[in-house]
Amino acid sequence: FQFLEQGTNKVLRDPVTGYDRYQVQVTETAPSIPGYTLVGDRSQSMVIQIEDPANEAKKNVKIFYYTEKTVDIKYQVVGPDGSGTLDNPLDSNVKVLSGTVQGSTPTANEGYKFVGWFEDEGCTQAVNKTWVGADNKLTPKKSVPYGNQEGYRAATYYAKFERDVFDLTIKKAGEKIDQNQIFVFHVASTDSATAMDVTVKGTGSVTIKGLPVGSYTVTEDTKWTWQYTPEEVTQNVVINGTTAEVTFTNTYSKSNWLTSFAEVINSWKTTLTQTKVWPKN
């Protein structure tokens, strides 16, 4: 009894041989071979009825044929819609022992970045780092035991993308700046997706973390700090691949302070009348 790969006649395991008398029926059941599937019923048995003389045993040979198992290896994007693409979403029908995989290379779209490859959709378990090569290409390796050798497993690998974000620092500079003075700035993206107000105390600074890539305007609220005049009320900032920084320089405007001409006499009078209430006996 021989055990061969269908199509190639590759020997998958040693044959089962034996001797018996003329016309005896010998039965053999197909064994399980790791990484292969029996062609036909897995519990199939074959019978040999010995016919030929021992020196011409061609009719006394029966063959079990097997085919190598195959698996699908999938690659999937995880992230906001339009965050990135993969050049190959599927390696299909990969032979578990003798097959090869193409792998997959991720490409982040504008405004996004590739984070990494993971084995779970929640992106908590990173793939084996030795599987990731140039350009973040993932090429899965054989990692599942099939008998005394390793082969591929059916799996889905997840490429995580997220918004590409950077920090923006706003600094205050100038002479005669009251260190207790609060300066207010309005920060807005040109696409109107981001808008916020931040404050800087004295000649300090504030850092806004995690701003998406894009163009922004930073405007000082001069109504809030009317006694100081900025050299530039609004500055434009482009955040794209680096941490950005802007500095607003102010001059002290003494003429903006209130004078005696702004004095107003309060002519309102308030009379308070108190009435005592004695407790009852």
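Since this is a predicted model, take the numbers as computed values, not measurements.

Student: How should I be thinking about the overall build of the protein chain in this particular structure?
Tutor: Helix and strand counts for the protein chain come out as 0 helices and 22 strands. Restricting to contacts in the protein chain with at least 6 residues of sequence separation, those with at least 24 account for 61%. Accessible surface computed for the protein chain: about 18,400 Å², of which carbon and sulfur atoms make up 48%.

Student: For this particular structure, what's the right way to read the nonpolar core?
Tutor: Most often, soluble globular proteins keep nonpolar side chains buried together rather than apart. Grouped together as the largest cluster of nonpolar side chains are 28 residues, with contacts concentrated most on Phe64, Tyr66, Ile73, Tyr75, Trp117, Leu138 and Tyr157. Elements with a contribution of two residues or more to this core: strand E4 (36-38), strand E6 (63-68), strand E7 (70-78), strand E11 (112-118) and strand E14 (155-163). Here the element with the most residues in this core is E14; it accounts for 4 residues. Apart from residues lying up to four places away in sequence, Ile73 is in contact with Pro89, Leu90, Asp91, Val101, Pro140, Tyr152, Arg153, Ala155 and Tyr157. With 20 residues, the next largest nonpolar core counts Val200, Leu211, Tyr216 and Ile239 among its residues.

Student: It is not clear to me how the sheet that holds strand E19 (residues 214-220) should be interpreted in this structure. Could you clarify?
Tutor: Paired through backbone hydrogen bonds, the strands of a sheet run either parallel or antiparallel to each other. What the 4 strands build is an open sheet, ordered E17-E16-E19-E21; its pairing is antiparallel. Every other strand in the sheet has two partners, leaving strand E17 (195-201) and strand E21 (234-239) as the edge strands with one partner each. The average undirected angle you get between the axes of adjacent strands in this sheet is 25°. Sheet topology places strand E16 (residues 182-189) next to E19; 5 bridges connect them, and they run antiparallel. In the sheet register, Ala188 faces E19, and the bridge partner there is Thr217.

Student: Hey, could you run me through the pairing of E6 in this one?
Tutor: Every other side chain in a regular strand lies on the same face of the sheet, so the side chains alternate between the two faces. Taking every second residue as pointing to the same face, the buried face of E6 carries Phe64, Tyr66 and Glu68, while none of Ile63, Tyr65 and Thr67 on the other face is buried. Strand direction decides the pairing type here: strand E1 (residues 2-5) and E6, joined by 4 bridges, are parallel. Among the inter-strand pairings, Glu5 is bridged to a residue of E6, identified as Tyr66. Where E4 lies against E6, 3 bridges are found, and the strand directions are antiparallel. Within E6, the position partnered with Leu38 by the bridge is Tyr66.

Student: Looking at this structure, how should I read the pattern of salt bridges?
Tutor: Here the idea is simple: oppositely charged side chains can pair when their charged atoms come close. Tallied over the entire structure, the rule returns 5 salt bridges. The salt bridge involving Glu119 is made with Arg153; its shortest N-O contact spans 3.6 Å. Here Glu119 is found in the loop between E11 and strand E12 (144-146), whereas its partner Arg153 is found in the loop between strand E13 (149-151) and E14, with 34 residues between them in sequence. Of the charged contacts in the structure, one is a salt bridge between Glu220 and Lys172, with a shortest N-O distance of 2.9 Å. In this pair, Glu220 sits in strand E19 while Lys172 sits in strand E15 (residues 165-174), placing the two residues 48 residues apart along the sequence. Considered together, Glu220 and Lys172 belong to a single accessibility category, that of buried residues.

Student: Where do I start with the sheet that holds E14 in this structure?
Tutor: The strand order E9-E7-E14-E11 describes an open sheet built from 4 strands, whose pairing is mixed. Each of the sheet's edge strands pairs with one partner strand only, and the pair in question is strand E9 (90-95) and E11. Averaged over all pairs of adjacent strands, the angle between their axes in this sheet comes to 20°, without regard to strand direction. Bridge count for E7 against E9 is 4 bridges, and the pairing is antiparallel. Residue pairing across strands places Ile73 opposite Asp91, the latter belonging to E9.

Student: Would you explain the pairing of E21 in this entry?
Tutor: Burial of E21 is one-sided: the residues Gln235, Val237 and Ile239 facing one way are buried, the residues Thr234, Asn236 and Val238 facing the other way are not. Both E19 and E21 contribute to a ladder of 6 bridges, which runs antiparallel. Looking at the pairing, Ser215 lines up with Val238 of E21.

Student: Before we go on, may I ask you to explain the packing of aromatic side chains in this structure?
Tutor: Within a pair of aromatic rings, the relevant descriptors are the distance that separates the centres and the angle that separates the planes. For the coordinates displayed, the defined rule picks out 10 aromatic pairs. Members of the aromatic cluster, each reached through a chain of ring pairs, are Tyr75, Phe114, Trp117, Trp131, Tyr157 and Phe161. Above the plane of the ring of Phe3 lies Arg13, whose end atom (NZ or CZ) is 5.6 Å from the centre. In this arrangement the basic side chain of Lys172 is found over the ring face of Phe183, its NZ or CZ atom lying 4.5 Å from the centre.

Student: What is the right way to read the side chain of Gln235 from this model?
Tutor: With respect to the element layout, Gln235 can be found in strand E21. Looking at Gln235, the relative accessible area reads 13%, which means it is buried. Among the polar contacts listed, one links the side chain of Gln235 to the backbone oxygen of Thr247, at a separation of 2.8 Å. The contact partners of Gln235, leaving out residues within four places of it in the chain, are Tyr216, Thr217, Val218, Val246, Thr247 and Phe248.

The rules behind these values
Residues numbered from 1 in each chain as written. Predicted model: local features only at pLDDT ≥ 70, side-chain atom pairs only at ≥ 80, totals over all residues. Heavy atoms only, no water. Helix = DSSP H or I, 4+ residues; strand = E, 2+ residues; numbered from the N terminus. Contact = heavy atoms within 4.5 Å. Areas by Shrake-Rupley, 256 points an atom, 1.4 Å probe, with all protein chains shown as cover. Core = buried A, V, L, I, M, F, W, Y, C linked by side-chain atoms within 4.5 Å. Buried < 20%, exposed > 50% of the residue type's maximum accessible area, 1.4 Å probe, protein only. Pairing = 2+ DSSP bridges. Axes fitted to C-alpha atoms, helices over the stretch in contact; angles between N-to-C directions. Salt bridge = Lys/Arg side-chain N within 4 Å of Asp/Glu carboxyl O. Phe/Tyr/Trp six-rings, centres within 6.5 Å; stacked < 30°, edge-to-face > 60°. Lys NZ or Arg CZ within 6 Å of the ring centre and 35° of its normal. Polar contact = N/O pair within 3.5 Å; in protein donor to acceptor, adjacent residues only side chain to side chain.

All we've got here are geometric facts, nothing functional implied.
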